Amino acid sequence: MNELELLVDLNLQQDRQGPGGTKETLQALELLNVDTNQNIRIADIGCGSGAQTIDLAQNTKAHITAVDIFPQFLDKLKIKAENLNLSDRITTLCASMDDMPFEKESLDVIWSEGAIYIMGFEKGIQYWSNFLKKDGYIAISELSWTTHKRPVELEKFWKEAYPEIDTISNKVKVLEGSGYSPVGFFTLPAYCWLDNYYQPLQKEMAAFLGRHPNNKLAEQVVNENRDEIELYQKYKEYYSYGFYIARKI
Ligand code: SAH
């Protein structure tokens, strides 16, 4: 397995593959001015095993197309959807977020939690806008600085890992400059990182290393995740995921 495949393997048993929470998904949903009791069309991009896809399906009457590049995650989501009798409203689509087969201006809402960083926030919101109807909404969580200033060590780490990390006000400017009208924003609280994502991941690490004995790359994947967790615990007041909700104008 290469590094990416190992990362998928480490995350596959998890309920989520990034920070988030049901309450926060529903909080973002509240901010959309669309009638979610109608059969609207939502795309959930970089859905992983679909924790937020299920939340959206259970709290709307929408049809959701859940997009991910790894079929292993989509298979997990399909099983969950079947068990919850939601298969008729969730369709999985194996595609890359920067090359999607949706029709122009066909979607009411584009949802994406903890994934747009893969293609970059600005590029992502601009490309995805093609598929949104006018007055359609995006609801996207994106790594953001929550303070004006921050320690050098932290800045260095994230600038290398994700150069587009920025303050909330600058992210809002990017939205405004890309044909969107911002309608709401909030940051994910610490339990979305610690209880919902990092702790289950830490619990899985031993089993993961057991599946890949004497594998230097697997050890490296675990160490990188441990470093990221340690950094978050030390500096969590300075950054989080911001949840940005905006309307296409
Ligand atoms: N939204 C989920 C998963 C976030 S992790 C959650 O919050 O739990 C990011 C997801 O993006 C992973 O599931 C990963 O497989 C997917 N991904 C990575 N590269 C991608 C690409 N190019 N196109 C679509 N999805 C991608």
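The coordinates are above.
Comments concerning helix α1 (residues 3-11)
Owing to its 3.6 residues per turn, the α-helix brings residues three or four apart onto one side.
Phase 1: Residues of α1 that are buried include every one of Leu6, Val8, Asp9, Leu10 and Asn11, and no others.
Phase 2: Structurally, α1 contributes buried residues whose contacts are with α4 (71-83), α8 (190-211) and α9 (216-235).
Phase 3: Backbone nitrogen of Leu4 and a side-chain oxygen of the N-cap are separated by 3.1 Å at the start of α1; the cap is Asn2.

Observations regarding the layout of surface pockets
Phase 1: Quantified by volume, the largest pocket comes out at close to 1,200 Å³.
Phase 2: Leu7, Gln17, Gly114, Tyr117 and Ile118 are, among the 48 residues lining the largest pocket, the residues nearest its centre.
Phase 3: Of all the secondary-structure elements, those providing two or more residues to the lining of the largest pocket are α1, α3 (51-58), β2 (63-68), α6 (152-161), α8 and α9.
Phase 4: By residue class, the composition of the lining of the largest pocket is 27 nonpolar, 12 polar and 9 charged.

Some thoughts on the packing of α1 against α8
Phase 1: For the pair α1 and α8, interaxial distance at closest approach is 8 Å and the crossing angle is 115°. The hand of the α1/α8 crossing is right-handed. Contact residues: Leu6, Asp9, Leu10 and Asn11 in α1; Tyr197, Leu201, Glu204, Met205, Phe208 and Arg211 in α8.
Phase 2: Considering only residue class, the contact of α1 with α8 consists of 6 nonpolar, 1 polar and 3 charged.

Conventions we followed
- Residues numbered from 1 in each chain as written.
- Predicted model: local features only at pLDDT ≥ 70, side-chain atom pairs only at ≥ 80, totals over all residues.
- Heavy atoms only, no water.
- Buried < 20%, exposed > 50% of the residue type's maximum accessible area, 1.4 Å probe, protein only.
- Helix = DSSP H or I, 4+ residues; strand = E, 2+ residues; numbered from the N terminus.
- Contact = heavy atoms within 4.5 Å.
- Polar contact = N/O pair within 3.5 Å; in protein donor to acceptor, adjacent residues only side chain to side chain.
- 1 Å grid on protein atoms, 1.4 Å probe; cavity = no way out; pocket = protein on both sides within 12 Å on 5 of 7 lines; lining within 4 Å.
- Points joined across faces, edges and corners; volume = space filled by probe spheres on them.
- Nonpolar A, V, L, I, M, F, W, Y, C, P; charged D, E, K, R; others polar.
- Axes fitted to C-alpha atoms, helices over the stretch in contact; angles between N-to-C directions.
- Left-handed = near helix turned anticlockwise from the far one by under 90°.

Taken by themselves, the reported measurements are silent on function.
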